[in-house]
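# Residue-level structure breakdown
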Amino acid sequence: MSATASEVSQMKTMIRNFVENEVDPYAQQIEDENHIPQHLVDKAKELGLFGLSIPEEYGGIGLNATGKAIVLEQLGRTHNGYVSLISAHTGIGSTGLVRLGSEQIKQKYLPDMAAGNLIGAFALSEPGAGSDATNLSTKAEKKGNKWILNGLKHYITNGPIADVITVFAITDKEKGAKGGITAFLVEKDFPGFSVGAEDKKMGLRGSHSSQIIFEDCEVPEENVIGQVGMGYVSALTILGEGRVGLAARAVGSSEKLIEMSARYANERVQFGKPIAVNQGIQWMLADMATETEAAKQLTMKAASLIDEGKKAIKEASMAKMFASEVFNKVADKAVQIHGGMGYIAEYPIERFYRDARITKIYEGTNEIQRVIVAKHILNENKI
Ligand SMILES: Cc1cc2nc3c(=O)[nH]c(=O)nc-3n(C[C@H](O)[C@H](O)[C@H](O)COP(=O)(O)OP(=O)(O)OC[C@H]3O[C@@H](n4cnc5c(N)ncnc54)[C@H](O)[C@@H]3O)c2cc1C
């Protein structure tokens, strides 16, 4: 059974208070130290945030896509690096196992993932396979009752800290994306697994990404997620849901930036009056709020379609593309309204501005989202 509407509403209020009172005071520290204090990770565990989308029978909260979007919107109001740790785990890092895993591996891993004792990650991207995720080089060969993985993944969020990773590898080169890619659940302690160089990034400080390497890495056959050969379809399903979560976070960040900008405009006096009296400022705020509301409606529409059992690939792409672009525009205008203060690193606006940028790139670039949307429209209108 998933959470009721009133439980989700209570959770929304609780998360809003939590991020404002307990996470925001540490945002600058996370930024300066590139590290999330352990007590904030422990608090996320206590609140059940690592089990947001894991069903209750495995110890999670079991939110549906709409409930999860509501919670992620609230989380998006705070430090995006902190949120990234949680959302990479609850989104792309665990959706494959929840949706497609066998009962045996769900029982084995999900309770500890829901508790935050095992951190999840999702490893599709490789140096030669970014937007073209079918062009994988990582291979898996069956030997007895094990699969042997060889290859390298890069830019993997939570890579340096993940305990269990959903990994995609070629199992039949001839078949490629149509039956030749398989998803595996890999433990960090499996022989032949190692973590490579960590990335130095523009933003998302506190969230760590890295290469992960497989050298004759032994994966038991029961750790295949879904059917052998069906990994590309699985990746699309996982990414579809992940994109709605990412859109919800972008909406939450935009809402926070609008509030900060309006408050600042009311307070900051130039030429003897608050800058808010100028139409030039008001129009920026009006555009920020209107576009953010539109992004929210697209996001919630995609989430509700998923809850109706639809794949909603087109709508998830629309939501991710639009909400991430709105977040970037809102962050740019927030810097403008704050003037010089918007550019100074000791205030949060500058951090949001940098953190916004990645949302147009990961979980599929916005060009690829447009390709997906266009493909659906053309197919829907074939004569
Ligand atoms: C901080 C960070 C975290 C990440 N986390 C993860 C993770 O957890 N797991 C994971 O698997 N991956 C992760 N990624 C990888 C991310 O998903 C890829 O970077 C992204 O999909 C783009 O791939 P690429 O970087 O190879 O760019 P490319 O595919 O090389 O694209 C370069 C440019 O060409 C454009 N382009 C490519 N093909 C087309 C086309 N057909 N039409 C129009 N334009 C096109 C792109 O849109 C882009 O503008 C992460 C990346 C970063 C930076």
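Please read these numbers as outputs of a predicted model, since none were measured by experiment. (Residues numbered from 1 in each chain as written. Predicted model: local features only at pLDDT ≥ 70, side-chain atom pairs only at ≥ 80, totals over all residues. Heavy atoms only, no water.)

## Let's talk about the overall build of the protein
Using the following cut-off: Strands are runs of DSSP state E lasting at least 2 residues, helices are runs of H or I lasting at least 4, and numbering of each runs from the N terminus. C-alpha atoms define the radius of gyration in this analysis, and the globule rule sets the expected value at 2.2 Å times the number of residues to the power 0.38. Only protein chains enter the accessibility calculation, which uses a 1.4 Å probe. A residue is then buried if its area is under 20% of the maximum for its type, exposed if over 50%, and partly exposed in between. Every residue pair with non-hydrogen atoms within 4.5 Å of one another is taken to be in contact. Residue burial considers only the protein chains on display, and all accessible areas are found by Shrake-Rupley using a 1.4 Å probe. The charged-residue count follows a simple rule in which Lys and Arg add positive charge and Asp and Glu add negative charge, with His and chain termini not counted at all. By convention, the charge on Lys lies at NZ, on Arg at CZ, on Asp at CG and on Glu at CD.
Each helix and strand in the protein was counted, giving twelve helices and ten strands. Against the globule reference of 21 Å for 383 residues, the protein gives a C-alpha radius of gyration of 21 Å, in line with a compact fold. Considering only C-alpha atoms, the protein reaches an extent of 80 × 55 × 40 Å along its principal axes. Looking at the 383 residues of the protein, the share that counts as buried comes to 53%. Across the protein, contacts joining residues at least 24 apart in sequence account for 75% of those joining residues at least 6 apart. Summed over all atoms, the accessible surface of the protein reaches about 17000 Å², with 52% contributed by carbon and sulfur. Averaging the positions of the 42 positive and the 47 negative side-chain charges in the protein gives two centres separated by 5 Å.

## Side note on the environment of leucine 152
Checked against the element boundaries, leucine 152 lands in strand 3 (residues 146–157). Expressed as a C-alpha distance, the spacing of leucine 152 and isoleucine 213, which sit 61 residues apart in the sequence, is 4.6 Å.

## Observations regarding the pattern of salt bridges
Put simply, the rule reads: Put simply, a salt bridge is a Lys or Arg side-chain nitrogen that is within 4 Å of an Asp or Glu carboxyl oxygen.
Tallying each qualifying case throughout the model produces 20 salt bridges. Of the charged contacts in the structure, one is a salt bridge between glutamate 308 and lysine 310, with a shortest N-O distance of 2.8 Å. Taking the relative accessible area as the measure of exposure, lysine 310 reaches 45% and is therefore partly exposed. Taken together, the shared-partner salt bridges in this structure form one network comprising Arg16, Arg77 and Glu259.

## Concerning the domain arrangement of the protein
We count it as follows: Here the limits of each domain have been adopted from an automatic or database domain assignment. By convention, the term buried area covers the 1.4 Å-probe accessible surface removed from two parts as they join, with the contributions of both added. We define a polar contact as two N or O atoms separated by no more than 3.5 Å, with the added condition that, inside protein, one atom must be a possible hydrogen donor and the other a possible acceptor, whereas residues neighbouring each other in sequence contribute only through side-chain atom pairs. In this count, Pro and Cys sit with the nonpolar residues alongside Ala, Val, Leu, Ile, Met, Phe, Trp and Tyr, while Asp, Glu, Lys and Arg are called charged and the others, Gly among them, polar.
On domain assignment, one finds that the protein holds domain 1 (5–114), domain 2 (120–229) and domain 3 (233–380). Between the C-alpha centres of domain 1 and domain 2 there is a distance of 23 Å. Taken together, the contact between domain 1 and domain 2 spans 25 residues of the former and 21 residues of the latter. When the two sides are added together, the surface that domain 1 and domain 2 hide from each other amounts to roughly 1800 Å², 58% of it contributed by carbon and sulfur. Counting every contact that joins domain 1 to domain 2 gives one salt bridge. Between glutamate 187 and lysine 108 there is a salt bridge, with the nearest N and O atoms lying 3.7 Å from each other. On the surface where domain 1 and domain 2 come into contact, there are nine residue pairs in polar contact (both at pLDDT 80 or more). Elements supplying a minimum of two residues to the side of domain 1 that touches domain 2: helix 2 (27–33), helix 5 (80–90), helix 6 (95–100) and helix 7 (103–114). With six residues, the single largest contributor to the side of domain 1 that touches domain 2 is helix 5. Residues belonging to the side of domain 1 that touches domain 2 are distributed by class as follows: ten nonpolar, twelve polar and three charged.

## A short note on the site of the ligand
Stated formally: Residues are classed as near a molecule or strand on a simple rule: at least one heavy atom within 4 Å of it.
As a structural note, the neighbourhood of the ligand is formed by 17 residues, with Ser125, Ser131, Tyr155, Thr365 and Glu367 the closest of them. Within the side chain of serine 131, one N or O atom sits 2.6 Å away from an oxygen atom of the ligand. Measuring from a nitrogen atom of the ligand, one finds a backbone N or O atom of tyrosine 155 at 2.8 Å. Considering the ligand on its own, with 980 Å² of exposed area, one finds that the protein chains cover 63% of that surface. Put simply, the parts of the chain that give the shell around the ligand at least two residues each are strand 1 (120–123), strand 3 and helix 12 (366–380). Its residues assigned to classes, the shell around the ligand comprises nine nonpolar, five polar and three charged. Residue-level mapping places the shell around the ligand at the junction of two domains, with at least three residues from each of domain 2 (120–229) and domain 3 (233–380).

## Overview of the UniProt feature "domain: Acyl-CoA dehydrogenase/oxidase N-terminal" (unreviewed entry) in the protein
The following threshold applies: UniProt positions are given in the numbering used here, feature names are shortened, and annotations may be inferred rather than shown by experiment.
Mapped onto this structure's residue numbering, the UniProt feature "domain: Acyl-CoA dehydrogenase/oxidase N-terminal" (unreviewed entry) falls at residues 7–116. Structurally, residues 7–116 comprises 66% helix and 0% strand, and the distance from its first C-alpha atom to its last is 21 Å.

## Observations regarding the pairing of strand 1
A regular strand carries its side chains on alternate faces of the sheet. Using the following cut-off: Between any two strands, pairing holds if DSSP finds at least two bridges.
Of the two faces of strand 1, the one lined by Gly120 and Phe122 and the one lined by Ala121 and Ala123 are each fully buried. Bridge count between strand 1 and strand 4 (residues 164–170): four bridges; the pairing is parallel. Counted as the bridge partner of phenylalanine 122 is threonine 166 from strand 4.

## Some points on the environment of serine 6
You can see serine 6 is positioned in helix 1 (residues 5–23). By relative accessible area, serine 6 is classed as partly exposed at 45%. Remark: the alpha-carbon pair of serine 6 and lysine 201, spanning 195 residues in sequence, is separated by 39 Å.

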